[in-house]
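One-letter residues, chain by chain:
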Amino acid sequence: VVAVVLGVLGRARQDGLAEELFLRFAGEGATVQVFNAMMGVYARSGRFDDVRQLLDAMRGQGIEPDLVSFNTLINASAKSGCLAPGAAFDLLHEVRQAGLRPDVITYNTLISACSQGSILDDAVAVFKEMIDSECRPDLWTYNAMVSVHGRCGTAREAEQMFMELLDKGFKPDAVTYNSLLHAFAKEGDVDAVERVCEELVKAGFRKDGITYNTMIHMYGKMGRLDLALGLYDEMRAIGCTPDAVTYTVLIDSLGKVDRISDAGKVLEEMVDAGLKPTLVTFSALICAYAKGGRRDEAEQTFDRMVASGVKPDRLAYLVMLDIIARSGETKKLMVLYRTMMKDGYVPDDTLYQVMLAALAKGNEHEEIEGVMQDMEVVCQMDRQLVYSILIKAGCIFQGAKLLKKACLQGHEPDSKSLLSILDAYETMGKHEEGLSLLQCIRENVPSSRNLISECSIMLMCKNQKIAAALQQYSSMQTLKCGSFGHDRNLYECLITCLAEAEFLPEASQVFCDMQFIGIEPSQKIYESMISTYCKLGFPETAHQLMDEAVQPGVWLNTLSSRVTIIEAYGKTKLWQHAENFVKGLNQEAGVDRRIWNALIHAYAESGLYEQARAVFDIMIKKGPLPTVDSINGMMRALITDGRLDELFVVVQELQDMGFKISKSTVILMLEAFAKAGDVFEVMKIYNGMKEAGYLPNMHIYRSMISLLCRNKRFRDVELMVAEMEAAGFKPDLVILNTLLLMYTGNGDFDKTVEVYHSILEAGLEPDEDTYNTLIVMYSRNLRPEEGFTLLNEMGKRGLTPRLESYKSLLVASGKAKLWEQGEQLFEEIRSKGYRLNRSLYHVMMKMYRDTCNHSKAEQLLAAMKEDGIEPTIATMHILMTSYGTAGHPVEAEKVLNSLKSSSLEVSSLPYSTVFDAYLKNGDYSLGITKLLEMKRDGIKPDHQVWTCFIRAASLCERTDDAILLLNSLQDCGFGLPIRLLTERTPSLLTEVDSFLEELEALEDSAALNFVNALEDLLWAFERRATASYIFQLAVNRSIYRHSIFRVIEKDWGADFRKLSAGAALVALTLWLDQMQDASLQGSPESPKSIVLVTGEGEYNMVSLRKTIRAYLLEMGSPFLPCRARTGRFVAKFYSLKMWLKDSPFCMDLELKDAPALPKMNSMKLTEGYFMRAGLVSTFKDIHEQLGEVRPKKFSRLAMLSEESRAKFIKADIKGRKDKLERIKEKGLVIPRKSKRGPRRAKFVREQSTQEVLK
């Protein structure tokens, strides 16, 4: 009877009355049934410990527990929720130890307990034990097994249990179907859930509240609230009353998708339905409000929960404290915090950090002290944890104070906290406090040396002092100081900073040190090192590292790491590895779009379009759909493979498939054609891009201008710059440097200076490219002084000149005869450690050759060998030339003999150099002797030998000497020059034309040098008609430029550079003849001024400028030297027209051959002038006594007899003196000649480059 009454009281939840009744009858005479009944009362309330005590008390009274006792104990364990993994077998073992055989209820209760605790392994083991012990499972057993599989996320196993249940002949009930439904719902398998629902209805059951709650929760988690709300409406429509669980699930689902207002309405519906919201309901709504940042509503809901009698749990308190802390209302925060502490709940570490951060922000120091005391006294937190939380919360001073206390007690602080404090002190400028803290640690913590070093390294890393951090780390590693380097935080900080600063080899070394010590890498270290190895070009190592990270369960940004590895495989052309890597991923799970795109780009790096297209097609068929990045990868594959023509075909295919071609794709195509130099296609793409509405950006303008500059499309470049400025873009330094390079390469130095001015006016700072281009420009313009100024400015600014700039300046110094500066410049190049090439040594040797300083040339040859550069035939040729220029042909011959004895293959060039040296010295017979020696040595004379002898013949004073030299050529099988001089056969010109055709195929300007020498010879020995015919042949064969002189509409001019003296005189005569005809006929129209360009160069001791100057002076022409630029002559058209009309020198400009060869050379070379022999003494006489005179005056003086000329010069000198005396007597100021240089150099000469750059 007592047992029955206790059972009734237990079911009525009258635990107190049941305890009184039990105590009254629990003495002697109590039966096992009474104890079992009381244990059942406790079990209903989940009071496992009380049930266990009763079981022990029963044994204490000598009453042996029966199977019901143990089943009740198991039930109590399940209801209490304290069943730990493995505990089910302990309870089963306890039953067997009591000598009892577990029955179906025992097993079912154990499996149900495992199901409630989601302990799958124990449930499966108990079920197996049940089968092995031949205890037949019933429907409850299977329901429990389906439930535990469903709760643990193994829906397929749950379905297998369901099928086994059917095979055993059991009929599933509503619990079975709901358990299976829950299993599929947890996995989000909508189709399976709907199928189970249909089976449930077909089996004759109605969807109950559990069914609807399960499905609503599933759709809520999936974000398909329309279906969840539809089920809620359906549930109410069929009369199934939603319970608290239904409303709670709906509120939670609505809150997670930010439909917070709807969640509030559902709560009101719940109250209106007469249901009291539970703690879970209120908590779900408070969390929703917190997530949406609706602090007021969250507080109102919390207050309503408290007012309705629902006691907040720890989660509710934590959420509310977090909301209030982030709002900054510290008073409310502390009130709620105290309430929570009274209710016996303690905040976690994260919440304490948030609270303390809010209090620190509000300067609530007293409250911070109170919270610190709670953490230490109430929560019994470790002091190290407390100061760590304080420091993270920004309570630096309190954290430092607590850390000092810990150090005074001998506790070593953790590196992160110490680093944070030191970092904060440094940021606030409180260096003394930081030093004081470190001193305290040193004095009280003997083992702190390594810690301080580690913190110093980490602090330097945080302050981006990477080099200093690495140096200190290396020194500590070298000293092998105790426990130094055993903190993972140190390696994480150092490796991360090194990787970010691109110190990749150093990062790898530090990582190896860490692995050697045996420290497990963190997530950050793994990610940094994967990226580092990929950048270093070791994707296999990065791949292996990622696999190592995944095995111990380190959480990585796997997608990002995989993409990085695939891209690295592509860059190292290991596309097969990338392919295999992606195949492995495809077997594991679906492949992300970024993985596919990375694989496409990996193929693109090797130009594998077909493979990239195959991946693109897979993405279209199976998903995810391709993006712009996918398309760009395919295009890059074609570009890398050089299949630019197919780009437009692919574009058309993509458009037919419905893809829109993006701006980035268009830019990719434009840059590809720009790199290939295809201006036509680039302009077509550029114009099409603008028509499609894609406006060009700065990058496109840079690419376009760079391409047009490379192709010297000057007008298009200027239009593009104008368009760019009209679009609101200002040319940057890169574009302006490109323009500088283009104009310099074209020799348009005025434009170069204009662009440089625009750089300065725009306030841009010239960089190395700017200076280097300007130095090359001034060097090519033969203005090395300005180049040296810029070179010095580069040194002041710490900029490094390129070797090309040095070389250009060195060449210009040689041409400008700045021998000393050139020598200093060469020494500077060597001292700065540049890797000199052979050409630089050749330039310097040519300089020494021009100065006739063969001893320095010898020294330079020795220095060249010391620097590891072996001389070539060209080197020895320059040395031999320097000997020849200095008048030492014997020394030149010695060099030739050493060459012949060396392993070098000797050509005709060294021989011709020796010939030239002897011939210049007037040793014609020795020259001829050496020619015969050359033939005996087996070297066949070629164009270089012919040119050398012809040039020497043109300078012979006596005609017999010239014929002797030319006859020696005829003896060697080349009789063309002597025949041109002595014969008048028309077929000779045909032979010359054929020979020039042969020379055109040769290098080193063979045809040009030969024609120049021949023109000198023919002009010197008065075969000038023949010279003009050969000149025309050279023009027709493009040996000479077609525009060497021109008389066209408003463009009369000539450029005789690269012509020899004789060729230039032929060209000048022909040009004057054409201008005479044009001026008499009045067509074509002339410009106001006519310019004749000769240049400043000297070749074979002949100055073209001096030669033309002497000829023009003799003729009395109106051409005068240009004041703005050297190497030019300018004449006003009117003066030129009158001179061509009236001058006796212009009466007959036709070039004719003399009837017979003169006995003496008509021309003579003196001081660089290749002038008429009869004019030499007259020229010297006039210049020595009168200096520079105007051409008209010179011409009149030259035609006078010596006696008349002497009287005229004497009278002229006397007249000048008298004029000066009269000026002095009148006290007038004598006008001085302007020393101002050419206007073009004004910006360099009038102010320093440094001032300009300011």
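Since the model is a prediction, treat every value here as computed from it, not as a measurement.

## A short note on the side chain of Asp1016
Tracing the chain through its elements places Asp1016 in helix α59 (residues 1006–1020). Put simply, Asp1016 is tucked away with no salt bridge, and the nearest opposite charge, on Arg951, sits 5.9 Å away. A polar contact is formed between the side chain of Asp1016 and the backbone nitrogen of Gly1062, at a distance of 2.5 Å. Among all residues touching Asp1016, those that are not within four sequence positions of it are Ser954, Ser1060, Ala1061, Gly1062, Ala1063 and Phe1170.

## Things to note about the packing of helix α55 (residues 943–954) against α59
Contact geometry of α55 with α59 gives a least axis separation of 8 Å together with a crossing angle of 25°. Taken as axis vectors, α55 and α59 run roughly parallel relative to one another. The handedness of the crossing between α55 and α59 is left-handed. Judged by residue contacts, His943, Trp946, Thr947, Ile950, Arg951, Ala953 and Ser954 of α55 engage Ala1006, Asn1009, Phe1010, Ala1013, Leu1014, Asp1016, Leu1017 and Ala1020 from α59. A class-by-class count of the residues in the contact of α55 with α59 yields nine nonpolar, four polar and two charged.

## Thoughts on unusual backbone geometry
The amide bond that connects Gly623 to the next residue, Pro624, takes the cis arrangement and shows omega of -10°. Cis rather than trans, the peptide bond between Ser1083 and Pro1084 has omega equal to -5°. Its identity as a non-glycine residue notwithstanding, Leu782 has a phi of 55°, on the positive side. Position of Leu782 relative to the elements: it lies in the loop between α45 (768–780) and α46 (784–797).

## Some details on the packing of helix α17 (residues 279–291) against helix α18 (residues 295–307)
Between α17 and α18, the least distance of the axes is 8 Å, while the angle of their chain directions is 165°. Judged on the interaxial angle alone, α18 and α17 are roughly antiparallel. Crossing hand, α17 versus α18: left-handed. Across the interface between the two elements, Leu279, Phe282, Leu285, Ile286 and Tyr289 from α17 touch Glu297, Ala298, Thr301, Phe302, Arg304 and Met305 from α18. Here the residues of the contact of α17 with α18 are counted per class, giving eight nonpolar, one polar and two charged.

## Observations concerning the sheet that holds strand β1 (residues 1045–1048)
Taken in spatial order, the five strands make up an open sheet running β1-β2-β3-β7-β6, and their pairing is mixed. Bordering the open sheet on either side are β1 and β6 (1120–1121), each of which pairs with just one other strand. Pairing between β1 and strand β2 (residues 1051–1055): four bridges, direction antiparallel. Residue pairing across strands places Val1047 opposite Trp1052, the latter belonging to β2. Sheet strands in contact with helix α62 (residues 1104–1115) are β3 (1089–1093), β6 and β7 (1128–1132), and its direction is about 30° off that of β7.

## Thoughts on the state of the cysteines
Throughout the structure, instances matching the rule amount to zero disulfides. Just so you know, Cys497 is unpaired, no disulfide at all, and the nearest cysteine sulfur is the one on Cys461, 4.2 Å from it.

## Digging into the confidence of the model for the chain
Summarising the model, the chain shows a mean pLDDT of 82, and 90% of its residues fall at 70 or more. Averaged over each element, pLDDT in the chain is lowest for helix α68 (residues 1249–1253) (34) and highest for helix α60 (residues 1024–1036) (95). In this model residues 1233–1254 is a low-confidence stretch, pLDDT under 50, and it forms 36 contacts with partners more than four residues away in sequence or in other chains.

## Concerning the nonpolar core
Judged by nonpolar contacts, the single largest core of 235 residues is most densely connected at Phe1056, Trp1071 and Phe1119. A total of twelve residues in this core trace back to one element, the largest contributor, which is helix α61 (residues 1061–1081). For this core, the two domains that each supply at least three residues are domain 1 (730–829) and domain 2 (1042–1193). Those residues in contact with Trp1071, other than ones at most four positions away along the chain, are Phe1045, Arg1046, Val1047, Trp1052, Gly1053, Ala1054, Phe1056, Ile1090, Val1091, Leu1092 and Phe1119. In this structure, Leu285, Ala298, Ile323 and Leu437 belong to the second largest nonpolar core, which totals 130 residues.

## With respect to the pairing of β1
As a general feature of sheets, a regular strand has side chains that alternate between the two faces. Only one face of β1 is buried: it carries Phe1045 and Val1047, and the other face, with Arg1046 and Ile1048, is open. Between the end of β1 and the start of β2, which pair antiparallel, lie two residues, with Lys1050 showing a positive phi angle near 55°.

## Looking at helix α47 (residues 803–815)
If you check α47, its first and last C-alpha atoms are 19 Å apart, about what 13 residues at 1.5 Å a residue would give, namely 18 Å. Among the residues of α47, Ser805, Tyr806, Ser808, Leu809, Leu810, Ala812, Ser813 and Gly814 are the ones counted as buried. Buried residues along α47 sit in contact with α45, α46, α48 (819–831) and α49 (838–850).

## Looking at the pairing of strand β9 (residues 1169–1172)
Alignment of strand β8 (residues 1163–1166) against β9, held across four bridges, turns out to be antiparallel. Within β9, the residue paired with Leu1165 across the bridge is Phe1170. Count of turn residues in the β8/β9 antiparallel hairpin: two residues, of which Glu1167 carries a positive phi of about 55°.

## Examining the environment of Lys675
Residue placement: Lys675 occurs in helix α39 (residues 663–676). For the pair Lys675 and Ser703, spaced 28 residues apart in sequence, the C-alpha to C-alpha distance is 8.7 Å.

## Focus: the pattern of salt bridges
The full count for this structure, using the stated rule, is 48 salt bridges. Here Glu646 makes a salt bridge to Arg643, at a shortest N to O gap of 3.0 Å. For Lys751, the salt bridge is made with Glu718, and the minimal N-O distance between the two is 3.7 Å. A residue pair is termed long-range when its members are at least 10 positions apart, and Lys751 in helix α44 (residues 749–761) and Glu718 in helix α42 (residues 714–726) qualify at 33 residues. Classification of Glu718 by relative accessible area gives partly exposed; the value is 29%. The structure contains a network of salt bridges with shared partners spanning Arg156, Glu159, Arg195 and Glu199.

## A look at the side chain of Asp961
For Asp961, the position within the fold is in helix α56 (residues 959–971). Note on Asp961: relative accessible area 18%, which makes it buried. Ignoring sequence-local partners within four residues, the contact set of Asp961 consists of Tyr924 and Cys956.

## Considering the packing of aromatic side chains
Scanning the model with the defined rule gives 27 aromatic pairs in all. Judged by centre distance (6.1 Å) and plane angle (55°), the ring pair of Tyr177 and Phe205 falls under tilted. Of the two residues, Tyr177 sits in helix α11 (residues 174–187) while Phe205 sits in the loop between α12 (190–202) and α13 (209–221), which places them 28 residues apart along the sequence. Assessed through its relative accessible area of 25%, Phe205 is described here as partly exposed. Here the aromatic rings of Phe616 and Phe659 are separated by 5.6 Å at their centres, their planes lie at 50°, and the arrangement is tilted. Linking Phe616 in helix α36 (residues 609–622) with Phe659 in the loop between α38 (647–656) and α39, this pair joins segments that are 43 residues apart in sequence.

Cut-off values and rules
Residues numbered from 1 in each chain as written. Predicted model: local features only at pLDDT ≥ 70, side-chain atom pairs only at ≥ 80, totals over all residues. Heavy atoms only, no water. Helix = DSSP H or I, 4+ residues; strand = E, 2+ residues; numbered from the N terminus. Buried < 20%, exposed > 50% of the residue type's maximum accessible area, 1.4 Å probe, protein only. Lys, Arg positive; Asp, Glu negative; His and termini not counted. Salt bridge = Lys/Arg side-chain N within 4 Å of Asp/Glu carboxyl O. Polar contact = N/O pair within 3.5 Å; in protein donor to acceptor, adjacent residues only side chain to side chain. Contact = heavy atoms within 4.5 Å. Axes fitted to C-alpha atoms, helices over the stretch in contact; angles between N-to-C directions. Parallel < 35°, antiparallel > 145°, perpendicular 65-115°, else oblique. Left-handed = near helix turned anticlockwise from the far one by under 90°. Nonpolar A, V, L, I, M, F, W, Y, C, P; charged D, E, K, R; others polar. Pairing = 2+ DSSP bridges. Disulfide = S-S within 2.5 Å. pLDDT = per-residue confidence, 0-100. Core = buried A, V, L, I, M, F, W, Y, C linked by side-chain atoms within 4.5 Å. Domains from an automatic or database assignment. Expected span 1.5 Å × (residues − 1). Phe/Tyr/Trp six-rings, centres within 6.5 Å; stacked < 30°, edge-to-face > 60°.

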